[in-house]
Amino acid sequence: MTRHFLTLKNLSSDEIISIIDDAILRKKSNIVSDELKGKYLALIFEKSSTRTRVSFETAMNQLGGKASFLSVQDLQLGRGEPLADTSKVISSMADAIVLRTLKHQTITEFSNESSSPVINGLSDLSHPCQLLADIMTFNEHRGSIKGKKIAWIGDYNNMCKTYIEASKILEFQLHIATPSSILSKNDIQEDNVTIYESMEDAVKDCNLITTDVWISMGDNEIDQKKNSLKEYQVTPELLDQASKEVIFFHCLPAVRGEEVSHEVMDDPRSLIWHQAENRMHAQKSLLTFLINN
Ligand code: CP
Ligand code: NVA
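Residues numbered from 1 in each chain as written. Chains lettered and ligands numbered in written order. Predicted model: local features only at pLDDT ≥ 70, side-chain atom pairs only at ≥ 80, totals over all residues. Heavy atoms only, no water.

### Things to note about the site of ligand 2
Note the threshold: By convention in this text, a residue qualifies as near a molecule or strand provided that one of its non-hydrogen atoms is within 4 Å of it. Whenever two N or O atoms come within 3.5 Å, that pair is a polar contact, provided that in protein one can donate a hydrogen and the other can accept it, and provided that, for residues adjacent in sequence, both atoms are side-chain atoms. To be clear on the numbers: accessible area is Shrake-Rupley with a 1.4 Å probe, and residue cover counts the displayed protein chains and nothing else. Polarity classes work like this: nonpolar for Ala, Val, Leu, Ile, Met, Phe, Trp, Tyr, Cys and Pro, charged for Asp, Glu, Lys and Arg, and polar for all others, with Gly in that last group.
Neighbouring ligand 2 are the residues Leu122, Asn157, Asn158, Asp212, Val213, Ser216, Met217 and Leu252. Here aspartate 212 contributes a side-chain N or O atom positioned 2.6 Å from a nitrogen atom of ligand 2. Within the contact set of ligand 2, a nitrogen atom lies 2.7 Å away from a side-chain nitrogen or oxygen of serine 216. Summarising the interface, the protein chains cover 95% of the accessible area of ligand 2, which totals 270 Å² for the free molecule. Its residues assigned to classes, the shell around ligand 2 comprises four nonpolar, three polar and one charged.

### What to know about the sheet that holds strand β4 (residues 118-120)
Quick reminder of the rule: A pair of strands is considered paired only if DSSP assigns at least 2 bridges between the two. Where helices and strands are cited, they refer to DSSP runs of H or I of at least four residues and of E of at least two residues respectively, numbered from the N terminus. Helix axes are fitted only over the stretch in contact, all axes being lines through C-alpha atoms; the angle between N-to-C directions runs from 0 to 180 degrees.
The parallel open sheet is built from four strands, whose spatial order is β2-β1-β3-β4. In the strand order of this sheet, the two ends are held by β2 (66-71) and β4, each with one partner. On average, each strand axis in the sheet is inclined to that of its neighbour by 20 degrees, with strand direction left out of account. Relative to strand β3 (residues 96-100), strand β1 (residues 40-45) runs parallel, the two being bridged by five bridges. What sits directly across from isoleucine 44, in β3, is leucine 99.

### Describing the site of ligand 1
Around ligand 1 sit Ser49, Thr50, Arg51, Thr52, Arg100, His127, Gln130, Cys251, Leu252 and Arg279, and that is every residue in its neighbourhood. Separating an oxygen atom of ligand 1 from a side-chain N or O atom of threonine 52 is a distance of 2.7 Å. Within the side chain of histidine 127, a nitrogen or oxygen atom sits 2.8 Å from an oxygen atom of ligand 1. In isolation ligand 1 exposes 250 Å². Once the protein is present, 96% of that is buried.

### Remarks on the state of the cysteines
Rule in force here: The disulfide definition used here is simple: a pair of cysteine sulfur atoms within 2.5 Å. Relative accessibility decides the category of a residue: with a 1.4 Å probe and only protein chains considered, values under 20% of the type maximum give buried, values over 50% give exposed, and everything between is partly exposed.
For the structure shown, the criterion picks out zero disulfides. Considering cysteine sulfurs only, cysteine 160 is the nearest to cysteine 251, which forms no disulfide, with 12 Å between them. Overall, cysteine 251 belongs to the buried group, its relative accessible area being 8%.

Encoded structure:
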């Protein structure tokens, strides 16, 4: 049966942990391999990308395979060829396909017709590849995330939703700080997720603080979101109120002066560049797991 990676739920917690352990090992030992020699990865993107595109392309290259970037405008898909037809054709040749789409449903529909593994490279609902890199980075610097306290600051977006999913699978506490106009206390009924309006309350005792842009790609509520989130900025002073061991994550790209201050990006507690590099290491493990298993 073809395994897809559309959300974190497509993997068990043991599989996630083993992919991450493998990624850490690969990174440490700098393994050069030809595990994916002769394999081809297609990247179909409806939205812009720096990290996801480059990390998948370099991962395939370092594993002896090939990848190519296919923007929707250049495919017949952009001229109206049905998604299902595109999926059948591309999956008959490619060994795996990464999709970045506006709507998550597009990825689901594509995967229903695909004979090769489909990987979500970001939708409006989920960014599971980013979470693999985030958990890997946490692991490298602070050990297992199980039982830890994580604060999410800002918009209830695709990244926040993926953290919620991860918190259930990997058993950590998630504190979400967001205005009540975006999410109110009772909107999420999960034992390990707590919603706060106050950032200061949310970060207390937290081991990790993470945030993301106020306005995601494809989000049309620009003025409303900017207005409701204007106080929700991660600063060094906010980090000072968390655990002494706190670290800071941002999936990037960041808007300095909005969700994050200039100072935090360069703060010693910020691990954003490690996170970005780990996209490639984590995806090498994911690709070998999905293509070779
Ligand atoms: N974090 C992330 O997915 O970045 P890109 O949008 O640059 O791919
Ligand atoms: N929430 C952001 C993440 C980008 C990696 C977006 O969807 O634009």
